[in-house]
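Residue-level listing of the chains:
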Amino acid sequence: MAQIPNLDNAPINLTSIRDQSQKELITILKNIRGKKCLVIDPKLGGALSLIVQTSLLKEHGVELRHLTPEPIQTECTKVVYLVRAQIDLMKFICSHVHADVSKGLQREYFVYFVPRRAVACEKILEEEKIHHLMTIGEYPLYIVPLDEDVLSFELDLGFKECSVDGDMSSLWHIAKAIHKLEFSFGLIPNVRAKGKASVRVADILNRMQAEEPVNSSDMGVPEINTLILLDREVDMVTPMCSQLTYEGLLDEFLRVNNGAVELDSSVMGAQQEGKKIKVPLNSSDKLFKEIRDLNFEVVVQVLRQKATSMKQDYTEMTTTTQSVSELKDFVKKLNSLPEMTRHINLAQHLSTFTSKPSFLGRLDMEHTIVEAQSYDICFDYIEEMIHKQEPLVSVLRLLILFSVTNAGLPKKNFDYLRQVCMKFMRELLHSYGFEHMATLNSLEKAGLLRKQESKSNWLTVKRALQLVVDDTDTANPNDISYVFSGYAPLSIRLVQQAVRSGWLSGFASSPSLDTLPGTPSLDKVGDGRRSLVLVVFIGGVTFAEISALRFLSAQEGMAYELIVGTTKIISGHTLTETFIENMG
């Protein structure tokens, strides 16, 4: 199955966005004549694989390498670097060029920044006295369609940069990406923003629209009716909970990266152990599209039913005489056998994690924290995790959930925790001990781990938005709470509210912006289609939240179709990891 997702069923023409990005990259390569070595920043590799196939790059005389500190081994005299504007990557490039010069190698160097160049990076090339050897350009890749209803801006450090480093450049990138969409699909008439970063993005977008207007008269009715900007900071509870949808759990345990998981081939039934294979996961796989958003308990039942029905069909085929049309139907079903096998293998592998007492115990504890039931039990559980030396990320993730729902930790717990954590980290990570003081400081600065200074408003928010639903039916859900087996993601409750009647004033004291007076206009698009809402998560979105949005979109009487834009797809683990200084 192709890793590049089929975008034909997207509610707007996302194929044109992808084609444009592909064309821009090919033009860069065509303008550098002859054979060349394309050295890709590893963080860009996954995104590029969704834009352009390797075979196409090779047709343009390209030899592919990943950027590492080691010098480039190639016969090519032209070396093209495709990199994000990051200081450490500039240092790699400088060391490559110095190594070539010392060997007397004469090469032409090209550095293309993604999505745009940065003065600080060029300064390093100047200081290292190699700037004059470089041709410098930009590859404006602001948007990567991950699937027919999900767009990523590929800003994996955006949340940490804003909340800890005070670096707001990712907000400009998000506004730029949305403005690029407007040039393809028309000026978005309605904007709702919740949270500080969201309001800033809305302001930057406003300025961009004034400086570089979209000519709406040529385009007719805008294809995107409403933009909802949601700041991750407004809901840090949801990503810290364990996702319980099929795709969410795949990400929790196997890490979904740009629409694929990489795992040992033996998991997928291959004989060779130790060989890694990539399994694509996108809506081009019909079975995956059907089960990705279901609660994992239900997925196991669905796969069992499908396998049983196939077995019955096979028995009938071999014991009775069939008409040609029945044979045809049976063969059609057989075509889906590779997909069935793939997901049975994946589900079986996931079950080895989800059946562990440690996972079930953690789920219980998450529910206890979210329900704000027993403070002491929760703290004892986390303390025990620390003494058992469980992985640092797992401890921090639960601590963040605990701190966020309690508006921080009481002083005695907070001070005690710092001491225990430092002792624990020193024992566990020897040389990294003192650096993790910086990790705790970063989490404190971002407001994720802090001393309690006021009473928590979590109980009020939980009740007002009905975040805990007791009788959740995961098999036949009638509410978004099925994605966490009883907890309705706060972020998606806010989206529900925004499309119905606008934000509630004063929620969680988050700044809001609303260009919509009262209820949004629910006009159908001319040809009877539903109006389209783009929900942009600033700081990342989880697969469980995307599933909840798809569930909302599919409800009868829902006036809108929803698509998702995000700085990055995240889980509690990947988001927490961005705060861990020097993971080594």
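None of the values given here were measured: they were computed from a predicted structure. Along each chain, the written sequence defines residue order, and numbers are assigned to residues from 1. Totals for whole chains, interfaces and linings use every residue, but because this is a predicted model, local features are given only for residues with pLDDT of at least 70 and side-chain atom pairs only at 80 or more, for both listing and counting. By convention in this description, side-chain values take in all heavy atoms of the structure and omit both hydrogens and water.

Colleague: Hey, could you run me through the overall build of the protein in this one?
Modeller: Counting its regular elements, the protein contains 23 helices and 14 strands. Within the span of the protein, comprising 584 residues, buried residues form 54% of the whole. A separation of at least 24 residues holds for 77% of the contacts in the protein among residues at least 6 apart in sequence. A helix here means a DSSP run of H or I that spans at least four residues, while a strand means a run of E at least two residues long, and both kinds are numbered starting from the N terminus. Residue exposure (1.4 Å probe, protein chains only): buried if accessible area is under 20% of the type maximum, exposed if over 50%, otherwise partly exposed. Every residue pair with non-hydrogen atoms within 4.5 Å of one another is taken to be in contact.

Colleague: Help me understand the environment of Arg529 in this model?
Modeller: Relative to the helices and strands, Arg529 resides in the loop between β12 (512-514) and β13 (531-538). With a relative accessible area of 41%, Arg529 lands in the partly exposed category. In the structure, Arg529 is positioned 30 residues away from Ala559 in sequence and 9.5 Å away in space, judged by C-alpha atoms.

Colleague: Looking at this structure, I do not really get empty space enclosed by the protein. What am I missing?
Modeller: Regions of empty space are outlined by a rolling probe, equal in size to a water molecule, passed over the atoms. Here a cavity denotes grid points, spaced 1 Å and computed from the protein atoms alone, that fit a 1.4 Å probe unable to get out, and a pocket denotes an open set having protein on both sides within 12 Å along at least 5 of 7 lines; residues with an atom within 4 Å of a point are the lining. Grid points are joined across faces, edges and corners, and a volume is the space filled by probe spheres set on the points. Following the criterion strictly, the structure yields two cavities of 30 Å³ or more and no others. Of the pockets and cavities examined, the largest cavity occupies roughly 70 Å³. Three categories are distinguished: nonpolar for Ala, Val, Leu, Ile, Met, Phe, Trp, Tyr, Cys and Pro, charged for Asp, Glu, Lys and Arg, and polar for the others, with Gly belonging to the last. In terms of residue class, the lining of the largest cavity is built from five nonpolar, two polar and one charged.

Colleague: Before we go on, may I ask you to explain the packing of helix α7 (residues 169-185) against helix α8 (residues 196-211) in this structure?
Modeller: At a minimum axis separation of 9 Å, α7 and α8 run at an interaxial angle of 50°. Classified by the interaxial angle, the pair formed by α7 and α8 is oblique. The chirality of how α7 crosses α8 is right-handed. For the pair formed by α7 and α8, the contact residues are Leu171, Trp172, Ile174, Ala175, Lys176, Ile178, His179 and Glu182 on the first element and Ala197, Arg200, Val201, Ile204, Leu205, Met208 and Gln209 on the second. Tallied by class, residues from the contact of α7 with α8 come to 10 nonpolar, two polar and three charged. Here an axis means a line fitted to C-alpha atoms, over the contact stretch when the element is a helix, while the angle between two N-to-C directions is reported on a 0 to 180 degree scale. Angular relationships are summarised with four words: roughly parallel below 35 degrees, roughly antiparallel beyond 145, roughly perpendicular across 65 to 115, and oblique for the angles in between. The sense of a crossing depends on the near helix, which, turned anticlockwise from the far helix by less than a right angle, makes the crossing left-handed and, turned clockwise, makes it right-handed.

Colleague: Please clarify how the packing of helix α1 (residues 14-30) against α7 should be interpreted in this entry.
Modeller: Each pair of packed helices can be described by the angle between their axes along with the distance between the axes. Taken N-terminus to C-terminus, the directions of α1 and α7 make an angle of 110°; their axes are 11 Å apart at the nearest point. The angle between α1 and α7 falls in the class roughly perpendicular. Between α1 and α7 lies a crossing whose hand is right-handed. Contact residues: Ser16, Ile17 and Glu24 in α1; Lys180, Leu181, Ser184 and Phe185 in α7. A class-by-class count of the residues in the contact of α1 with α7 yields three nonpolar, two polar and two charged.

Colleague: Whenever I open this one, the nonpolar core confuses me. Can you help?
Modeller: Nonpolar side chains in soluble globular proteins tend to be buried together. Side-chain atoms within 4.5 Å link the members of a nonpolar core, which is a set of buried Ala, Val, Leu, Ile, Met, Phe, Trp, Tyr and Cys residues. By size, the foremost hydrophobic cluster in this structure holds 120 residues, and its most contacted members are Tyr139, Tyr246, Leu250, Leu346, Tyr487, Leu549 and Leu562. At nine residues, the largest contribution of residues to this core is made by helix α17 (residues 392-405).

Colleague: So what exactly am I meant to see when it comes to the sheet that holds β13 here?
Modeller: Pairing between the strands of a sheet is mediated by backbone hydrogen bonds and can be parallel or antiparallel. The pairing criterion for strands is at least two bridges between them, as found by DSSP. Read from one edge of the open sheet, seven strands run β6-β7-β14-β13-β9-β8-β12, paired in mixed fashion. Each edge of the open sheet is held by one strand with a lone partner, namely β6 (144-147) and β12. Each strand of the sheet is rotated relative to its neighbour by a mean of 20°, with strand direction disregarded. As defined by bridge partners, β6 adjoins strand β7 (residues 150-152) across three bridges and the pair is classed as antiparallel. What sits directly across from Val144, in β7, is Ser152.

Colleague: Which parts of the structure should I look at to understand the pattern of salt bridges?
Modeller: Here a salt bridge means any side-chain nitrogen of Lys or Arg lying within 4 Å of a carboxyl oxygen belonging to Asp or Glu. For the structure on display, the rule yields 24 salt bridges. The salt bridge involving Arg550 is made with Asp149; its shortest N-O contact spans 2.7 Å. Remark: Asp149 occurs in the loop between β6 and β7 and Arg550 occurs in helix α22 (residues 543-553); sequence separation between them is 401 residues. What makes Arg550 buried here is its relative accessible area of 17%. Among the charged side chains, a salt-bridge network with shared partners connects Asp147, Asp149, Glu247, Arg292, Asp293 and Arg550.

Colleague: Please clarify how the environment of Pro213 should be interpreted in this entry.
Modeller: With respect to the helices and strands, the residue Pro213 is situated in the loop between α8 and β9 (226-231). Look at Pro213 and you get exposed, because its relative accessible area is 54%. In the structure, Pro213 is positioned 30 residues away from Phe183 in sequence and 8.9 Å away in space, judged by C-alpha atoms.

Colleague: What's the story with α1 in this structure? I'm lost.
Modeller: Within an α-helix, residues lying three or four positions from one another point in the same direction, as the helix has 3.6 residues per turn. Spanning 17 residues, α1 covers 24 Å between terminal C-alpha atoms, matching the ideal 24 Å at 1.5 Å per step. Every buried residue belonging to α1 is among Leu14, Ile17, Arg18, Ser21, Leu25, Ile26, Ile28 and Leu29, and all of these are buried. Seen along its axis, α1 keeps its buried residues to an arc of 165°; they face one direction. Exposed and facing more than 90 degrees away from the buried side of α1 are Lys23 and Lys30. Helix span, as expected, comes to 1.5 Å for every residue beyond the first. Note that the arc is computed from the directions linking the helix axis to the C-beta atoms.

Colleague: Looking at this model, I keep getting lost on the sheet that holds strand β5 (residues 134-138). Mind explaining?
Modeller: Read across the sheet, five strands follow the order β2-β1-β3-β4-β5 without closing on themselves; strand pairing throughout is parallel. Here the strands that pair on one side only, and so sit at the sheet edges, are β2 (62-66) and β5. Strand-to-strand twist across the sheet, computed as the mean angle between neighbouring axes with direction ignored, equals 20°. Inspection of the sheet shows strand β4 (residues 108-114) paired to β5 by five bridges, in the parallel sense. Its bridge partner lying in β5, Val111 is registered against Ile136.

Colleague: When you look at the environment of Lys36 in this model, what are you seeing that I'm missing?
Modeller: Relative to the assigned elements, Lys36 resides in strand β1 (residues 36-40). In this structure, the C-alpha to C-alpha distance between Lys36 and Glu63, residues 27 residues apart in sequence, is 6.2 Å. With residues up to four places along the chain from it excluded, the contact list for Lys36 reads Leu29, His60, Gly61, Val62, Glu63, Cys76, Lys78 and Val80. Of the polar contacts made by the side chain of Lys36, one reaches the backbone oxygen of Leu29; its length is 3.1 Å. Under the rule applied, a polar contact is a pair of N or O atoms within 3.5 Å (in protein, one hydrogen donor and one hydrogen acceptor; residues adjacent in sequence only if both atoms are side-chain atoms).

Colleague: Looking at this model, I keep getting lost on the packing of aromatic side chains. Mind explaining?
Modeller: What characterises a pair of aromatic rings is the spacing of the ring centres plus the angle enclosed by the ring planes. Stacked, tilted and edge-to-face pairs are distinguished by plane angle, under 30 degrees for stacked and over 60 for edge-to-face with tilted covering the rest, among Phe, Tyr and Trp rings (Trp via its six-membered ring) whose centres lie within 6.5 Å. For the structure shown, the criterion picks out nine aromatic pairs. Both rings, one in Tyr246 and one in Phe288, keep their centres 6.0 Å apart while their planes meet at 65°; by these two values the pair is edge-to-face. Highlighted residues: Tyr246 in helix α10 (residues 246-254) and Phe288 in helix α11 (residues 286-291), separated in sequence by 42 residues. What makes Tyr246 buried here is its relative accessible area of 0%. Residue Phe288 is classed as buried on the basis of its relative accessible area, which comes to 0%. Taken together, a centroid distance of 5.6 Å and an interplanar angle of 55° make the contact between Phe484 and Tyr487 tilted. Neither residue differs from the other here; Phe484 and Tyr487 are each classed as buried.

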